[in-house]
Amino acid sequence: MIEVENSRGLSILGSTGSIGTQALEVVSLHPECLQVMALTANRNVDLLEEQVRKYQPQFVGLVSVEAAVEMKRRLAGLGIQVAEGPDCLLEAAVHPSSQVVLNAVVGSAGLPPSLAALGAGKRLALANKESMVAGGELVLKALEQGGELIPVDSEHGAIFHCLRGEEKSVVEKVILTASGGPFYGRSRKELSGVTVEQALAHPTWSMGRKITIDSATLMNKGLEVIEAHYLFGVAYERIEVVAHPQSVVHSLVEFKDGSMSAQLSLPDMRLPIALALSYPERWGPPFKKTDLASLGSLDFGKVDSDTFRCLELAYRAGKEGGLATAVLNAANEVAVAAFLEGSIDFLGIERVVEITLDRYEPQPMDSLQAVMRAEEWARSTAEDSLRKVG
Ligand code: NAD
Ligand code: MG
């Protein structure tokens, strides 16, 4: 019998996505530990309605107004509050019955609710890495005032786990593992003609479309380097990336004495999700345990950042600081959407990001408004550059 002090009220932002649906599976495994209080989605009324009927939250939000009107019609008489528009994320983030907010929205639309959740003193279980990339300094400032942040991204969950009980001063390096995505080992020439379908076929993880493309370009690892910098207060020079095609070692920490700690499991996001929701407790395993003997060997290698240039662009923006990472992230969101629509080719993604970064003039990250202005500028600059690279 697992000891749980109190059942935790949970808001899930982005409950219809890859992380959101897996989080609800974790809730189903531990109904005595977690109670769903609020769910939000962009516009998927059918799946959200199914989730609402099963998990009985008090609050439901849809960013699309049209979808929210339809949801109100479907849930009429059930006594469930249905909200609409981007502010529904903020309402779910500060819902009085929730102690924990899982932010599983995709893109920097996740930043305002991350800040709101911390501002309301909640535990923020953060899958939305774009919150840290677009607004890391603001998230850290909000954390100084209250709330708690536990990463859900598997690499950061692993580092968080390795750092339990350790002083920051004994950390030499953090080492993020990278599966390398579907194009690991390919040359630039081979990358130029890859299709959307090939880029969406990730070898080890099943995820939403945007992060799957980010994994293929290695921008995902770049975003994770920036995320690690803010989450763990480690300088960029002390953050390394190593290729590890099996995605079993989720990341490592090297300490001053040269020893390393790592966290291992089969690649399945239900574990880092459950860890972020249960911390500091540990609940029963969300899937079959890892059998090392049947895994055979684990391989590590150098990441080819000359071929996959997005990783270096992310280091560059991170080291530049200020709003450069918000600009990098917004340009990447535009470029990935354009690639998915077929208007630019695969290598066009890095070119759009680079052109946008080249045009950016340094500014401090001192407010949410400043982030939003920089993002707006980056989106229109990236849109302009699409024609050049398309
Ligand atoms: P997804 O596309 O599968 O789901 C996104 C969710 O957000 C959906 O519920 C969608 O309705 C909602 N949404 C989309 N646009 C929105 C907007 N503008 N405003 C509000 N809600 C919106 O994405 P995902 O793969 O679940 O990823 C979610 C986040 O978690 C991303 O930041 C991603 O980088 C991160 N992450 C995902 C994985 C994974 O395995 N999927 C692993 C690590 C980190
Ligand atoms: Mg990750």
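Structure first, text after, so check above.
What this report covers is the structure whose coordinates are included nearby. (Residues numbered from 1 in each chain as written. Chains lettered and ligands numbered in written order. Predicted model: local features only at pLDDT ≥ 70, side-chain atom pairs only at ≥ 80, totals over all residues. Heavy atoms only, no water.)

**A closer look at the site of ligand 1**
Our working rule: Any residue with a non-hydrogen atom lying within 4 Å of a molecule or strand is treated as near it. Polar contact is defined as a pair of N or O atoms within 3.5 Å, subject to the rule that within protein one atom must be able to donate a hydrogen and the other to accept it, and that residues adjacent in sequence are counted only when both atoms are side-chain atoms. Reported accessibility uses the Shrake-Rupley method at a 1.4 Å probe radius. Residues are deemed covered only where the shown protein chains occlude them. Helix and strand assignments come from DSSP, with helices taken as H or I runs of at least 4 residues and strands as E runs of at least 2, each series counted from the N terminus. Under the grouping applied here, Gly and all other residues not named as nonpolar or charged are polar, the nonpolar ones being Ala, Val, Leu, Ile, Met, Phe, Trp, Tyr, Cys and Pro and the charged ones Asp, Glu, Lys and Arg.
The immediate surroundings of ligand 1 are formed by 23 residues, with Thr-16, Ser-18, Asn-42, Glu-130 and Gly-208 found nearest. A distance of 2.7 Å separates an oxygen atom of ligand 1 from a polar atom in the side chain of Thr-16. Coverage of ligand 1 by the protein chains reaches 86% of its 830 Å² of free accessible surface. Residue assignment for the shell around ligand 1 shows that the elements contributing at least two residues are helix H1 (18–29) and helix H6 (129–145). Of the residues in the shell around ligand 1, the class split is 12 nonpolar, eight polar and three charged.

**Notes on the packing of aromatic side chains**
Definition in use: Two aromatic rings, drawn from Phe, Tyr or Trp (for Trp, its six-membered ring), form a pair once their centres lie within 6.5 Å of each other, and the interplanar angle then sorts them: stacked below 30 degrees, edge-to-face above 60, tilted otherwise. Burial classification: accessible surface area is computed with a 1.4 Å probe over protein chains only, and a residue below 20% of its type maximum counts as buried, one above 50% as exposed, and the rest as partly exposed.
Per the counting criterion, the structure on display carries four aromatic pairs. When the centroid spacing of 6.5 Å and the interplanar angle of 70 degrees are considered together, the rings of Tyr-236 and Tyr-315 count as edge-to-face. Placement of Tyr-236 in the loop between helix H11 (219–232) and strand S9 (239–243) and of Tyr-315 in helix H14 (residues 310–320) is noted, with a sequence separation of 79 residues between them. Its relative accessible area of 5% is what places Tyr-236 among the buried residues.

**Comments concerning the sheet that holds strand S11 (residues 260–264)**
Put simply, the rule reads: Whether two strands pair depends on DSSP finding at least two bridges between them. Note on method: axes are straight lines fitted to C-alpha atoms, helices fitted across the in-contact stretch only, with angles between N-to-C directions ranging 0 to 180 degrees.
With respect to topology, four strands assemble into an open sheet ordered S9-S8-S10-S11, the strand pairing being mixed. A strand with exactly one partner marks an edge of an open sheet, and here the two such strands are S9 and S11. The mean angle between the axes of side-by-side strands here comes to 20 degrees, regardless of whether they run parallel or antiparallel. Relative to S11, strand S10 (residues 249–255) runs antiparallel, the two being bridged by five bridges. Bridged to Leu-252 within S11 is Ala-262.

**Description of the coordination of the magnesium ion (ligand 2)**
Our working definition: Excluding water, the donors of a metal are its N, O and S neighbours within 2.8 Å, or within 3.2 Å for Na, K and Ca, and that exclusion means sites may look incomplete.
For the magnesium ion (ligand 2), the full set of protein donor atoms is Asp-153 (OD), Glu-155 (OE) and Glu-224 (OE), at a range of 2.1 to 2.3 Å. In the primary sequence, the donor residues of the magnesium ion (ligand 2) line up as D-x1-E-x68-E. With respect to burial, Asp-153 and Glu-155 carry one shared label: buried.

**A look at the side chain of Lys-122**
To keep things clear, this is the line we draw: When charges are tallied, Lys and Arg are placed among the positive residues and Asp and Glu among the negative ones, while His and the ends of the chain are skipped. For this analysis, a salt bridge means a side-chain nitrogen from Lys or Arg found within 4 Å of a carboxyl oxygen belonging to Asp or Glu. The contact definition used throughout considers only heavy atoms, calling two residues in contact when any of these lie within 4.5 Å.
For Lys-122, the position within the fold is in the loop between helix H5 (111–119) and strand S6 (123–126). Despite its burial, Lys-122 pairs with no opposite charge; the closest candidate is Glu-148, at 12 Å N-O. Beyond its immediate stretch of four places on either side in the chain, Lys-122 contacts Ala-93, Val-94, His-95, Pro-96, Ser-98, Gln-99, Val-101, Ala-117, Gly-147 and Glu-148.

**Quick notes on helix H3 (residues 65–74)**
Formally: Throughout, the arc means that of the directions going from the helix axis to the C-beta atoms.
Among the residues of H3, those classed as buried are Ala-67, Ala-68 and Met-71. The arc that holds every buried residue of H3, seen down its axis, measures 100 degrees, which confines them to one face. Across from the buried face of H3, at angles greater than 90 degrees, the exposed residues are Glu-66 and Arg-73.

**Looking at the nonpolar core**
To keep things clear, this is the line we draw: What makes a nonpolar core is a set of buried Ala, Val, Leu, Ile, Met, Phe, Trp, Tyr and Cys residues whose side-chain atoms join them at distances within 4.5 Å.
Grouped together as the largest cluster of nonpolar side chains are 88 residues, with contacts concentrated most on Ile-239, Leu-328, Ile-344 and Phe-346. Per-element tally for this core: the top contributor is helix H15 (residues 324–341), with 11 residues. With 38 residues, the next largest nonpolar core counts Ile-12, Cys-33, Val-82 and Met-269 among its residues.

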